[in-house]
Amino acid sequence: NVLPRLAVEENLRVGATARRAGDGHWLHERLQRLFTEFPVLSRRRHQDAGSLSGGERQLVALARALVPEPSILLLDEPSAALSPIAVQDVFAHIQSINASGVTIVMVEQNARLALQVTDRGYVLESGQNRHEGVSAELLADDRVVATYLGTLEARQAESGDEPETFAGQQRESS
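Residues numbered from 1 in each chain as written. Predicted model: local features only at pLDDT ≥ 70, side-chain atom pairs only at ≥ 80, totals over all residues. Heavy atoms only, no water.

Engineer: Describe in detail the environment of asparagine 98, supporting the description with residues and values.
Structural biologist: Position of asparagine 98 relative to the elements: it lies in helix H5 (residues 84-99). A relative accessible area of 32% means that asparagine 98 is categorised as partly exposed. (Helix = DSSP H or I, 4+ residues; strand = E, 2+ residues; numbered from the N terminus. Buried < 20%, exposed > 50% of the residue type's maximum accessible area, 1.4 Å probe, protein only.)

Engineer: Let's hear about helix H2 (residues 24-37): which residues, and what values?
Structural biologist: Counting along an α-helix, one turn takes 3.6 residues, and residues three or four places apart therefore face a common direction. In a regular helix each residue adds 1.5 Å, so 14 residues correspond to 20 Å; H2 covers 20 Å between its end C-alpha atoms and thus fits that length. Within H2, the full set of buried residues consists of Trp26, Leu27, Arg30, Leu31, Leu34 and Phe35. Taken around the axis of H2, the buried residues stretch over an arc of 165°, which confines them to a single face. The exposed set on the far side of H2, more than 90 degrees from its buried face, consists of His25 and Thr36. Where H2 is buried, its residues contact helix H1 (8-14), helix H3 (39-43) and helix H4 (54-66). (Expected span 1.5 Å × (residues − 1). Arc of directions from axis to C-beta. Contact = heavy atoms within 4.5 Å.)

Engineer: Tell me about the pattern of salt bridges, and name the residues and values.
Structural biologist: Scanning the entire structure with this criterion turns up seven salt bridges. Among the salt bridges present, the one from glutamate 9 reaches arginine 13, with a minimum N-O distance of 3.1 Å. Of this pair, glutamate 9 and arginine 13 both sit in helix H1, separated by four residues, roughly a single helical turn. According to the relative accessible area criterion, glutamate 9 is buried, its value standing at 15%. For arginine 143, the salt bridge is made with aspartate 141, and the minimal N-O distance between the two is 3.0 Å. Accessibility expressed as a relative area gives 53% for arginine 143, which makes it exposed. Classification of aspartate 141 by relative accessible area gives buried; the value is 19%. (Salt bridge = Lys/Arg side-chain N within 4 Å of Asp/Glu carboxyl O.)

Structure below.
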């Protein structure tokens, strides 16, 4: 999802290819805004993207997608292969992006987390839409919870694990 041999800033510049040539002032201003929104990327702007952690690479991909100032952003598994802390950081940025007015369409296997940060959800099984509705209502729907999300207690009983703390609250481990 990043160009590993290019520096972070170069990766972001690639996101501007859809803009017309010769708009260097706009690009400079846009990059400065993104580096403010993603301070870790500002600190690593000259570092090869391939040397970053998985969470940092995901932030590069998010920032690069935001360079052309889209009105809609499509995300495919933004939490895939990330540590719990990186997932928390990425999803905080996703919420911030959405709050700024960008519509987000996301495919995410961590349905519980996705439903916690979205307005509307669609629960797919084997390519079929099984449930849809307001995310908060899906999270409260006993059928959806039992079939797709499970309960924290049931998952702990199956695995024998203690609950993990996620974002300061007890959450199901993923």
